[in-house]
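Fold and contact review
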Amino acid sequence: MRGPDGTAVSTGHGIPGTNAYAWILVENLGNAQETATEIAWDPTVWSNNLTLHDSNGIVNVLTLGPGEQRELHAKLPVPPGTTLGDSVSSTLSICIGTGAEEVCRDLELTFVANAVAVHPDNLRTVPETGLSWAIDAQLPASTDNLSWDLQPSEMMNSGWVWDATGDFVLSGNTLTA
């Protein structure tokens, strides 16, 4: 198991009153089909309602073929009224096998209450036509805009075409809401 940076860590952001999502990649490194015998996580002060999802919805049973990789998203509700910047952590454990044959892997999940959430939280792909993200924001009354410079994150590359719609405008390298 690993998060978006290749380590056993993933962080999800969510607007209070909505859900936070943390991206996870699970891979079967073996040469036989494996089904998780245990999927567990530590409860948080926000709730114990963490669920795993893939592109088809909630994942109750996790089965991977030999060499198969699967992208999952850990979802945790962010309680309404949570102070922006507050966070909780939970260790997600996934085990296969039983007894002496049991192998477990852990991944540290952190969920942060944020005024901005991006969906999907991560895309593991090479750039291609048709990729899109939705950005939800609840700006404080004292803030009239929000901007991102896409250049430092290396999101402005030769041949890539960006477009903004809705409440967003793209001017040069800057995306503004």
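Quick note: structure is the one above.
First, a word on scope: everything that follows refers to the structure included in this document. All values derive from a computational prediction rather than experimental measurement.

**Re the overall build of the protein chain**
Of the regular secondary structure elements, the protein chain holds zero helices and 14 strands. Helices and strands appear in the protein chain in the N-to-C order β-β-β-β-β-β-β-β-β-β-β-β-β-β. A principal-axis box enclosing the C-alpha atoms of the protein chain has dimensions of 60 × 40 × 25 Å. Looking at the protein chain as a whole, 28% of its 177 residues qualify as buried. Nonlocal contacts in the protein chain, meaning residues at least 24 apart in sequence, comprise 65% of its contacts between residues at least 6 apart.

**Overview of the layout of surface pockets**
Approximately 390 Å³ is the volume found for the second largest pocket. What lines the second largest pocket is a set of 18 residues, and nearest its centre among them are V26, E27, N28, I96 and R105. Residue assignment for the lining of the second largest pocket shows that the elements contributing at least two residues are β2 (19-27), β3 (34-41), β8 (87-96) and β9 (103-113).

Rules of the game
Residues numbered from 1 in each chain as written. Predicted model: local features only at pLDDT ≥ 70, side-chain atom pairs only at ≥ 80, totals over all residues. Heavy atoms only, no water. Helix = DSSP H or I, 4+ residues; strand = E, 2+ residues; numbered from the N terminus. Buried < 20%, exposed > 50% of the residue type's maximum accessible area, 1.4 Å probe, protein only. Contact = heavy atoms within 4.5 Å. 1 Å grid on protein atoms, 1.4 Å probe; cavity = no way out; pocket = protein on both sides within 12 Å on 5 of 7 lines; lining within 4 Å. Points joined across faces, edges and corners; volume = space filled by probe spheres on them.

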